[in-house]
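# Structure at a glance
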Amino acid sequence: LSNVAVLAGLVFLIIELRQNSEVATSQARQQRNVNLYQASLANARDDEFSELLGRVLRDHNFDSVSTEEWEQIALYERANIINLGDIRFQWKLGLMDYHPYEMWKSRAANRKDFWQWLGGLTVPHADFWGDVDELKNQPGFSWHPFTLAFSEWSKDKAPLARAYY
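Residues numbered from 1 in each chain as written. Predicted model: local features only at pLDDT ≥ 70, side-chain atom pairs only at ≥ 80, totals over all residues. Heavy atoms only, no water.

For His-60, which is not glycine, the phi torsion reads 60 degrees and is therefore positive. Secondary-structure assignment places His-60 in the loop between α2 (47-58) and α3 (67-92). (Helix = DSSP H or I, 4+ residues; strand = E, 2+ residues; numbered from the N terminus.)

This part takes up the environment of Asp-86. Assignment of secondary structure puts Asp-86 in helix α3. For Asp-86 and His-125, which are 39 residues apart along the polypeptide, the C-alpha to C-alpha distance reads 9.8 Å.

Turning next to the layout of surface pockets. Taken as a whole, the second largest pocket spans an internal volume of roughly 240 Å³. As for the second largest pocket, its lining consists of 11 residues, of which Met-103, Arg-107, Asn-110, Arg-111 and His-144 are closest to the centre. The set of elements that each furnish at least two residues to the lining of the second largest pocket consists of α4 (98-119) and α6 (145-154). Its residues assigned to classes, the lining of the second largest pocket shows five nonpolar, four polar and two charged. (1 Å grid on protein atoms, 1.4 Å probe; cavity = no way out; pocket = protein on both sides within 12 Å on 5 of 7 lines; lining within 4 Å. Points joined across faces, edges and corners; volume = space filled by probe spheres on them. Nonpolar A, V, L, I, M, F, W, Y, C, P; charged D, E, K, R; others polar.)

Scope: geometric values only; no functional claims are made or implied.
Written out as structure tokens, the structure reads:
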């Protein structure tokens, strides 16, 4: 009878651990969504910065951007890169679903050359770039129009040459 009680206790413990893992995943997802919402809302409220991002990311009007504006974009992208480091960490712990991780890997693949041009901005996890390279080699991978336009524009442009650490 005591063996049955121990076995039942172990089953209960396993169920409780699984539920705790689901709660942790849910909390991480919720916090990530709140952070993205707050960042998007802050950008939307700043008319000048929203217009700048639109000129670069949507319209690909790179020649209209001043050096100071490129510096501002570099700081914005640096914040996104820091977020990618956290995303890789969450993915490895099982706190992130497959599709959001794939979306962020695609974003990194499409922005890597842009980040290099901005001053060598990189995600600090080498394993992350391995995942990105694997994604780029998949048959269904396609380059974003921004990436293609930026690559064409930047061919004969010197990099911003400013490193942020």
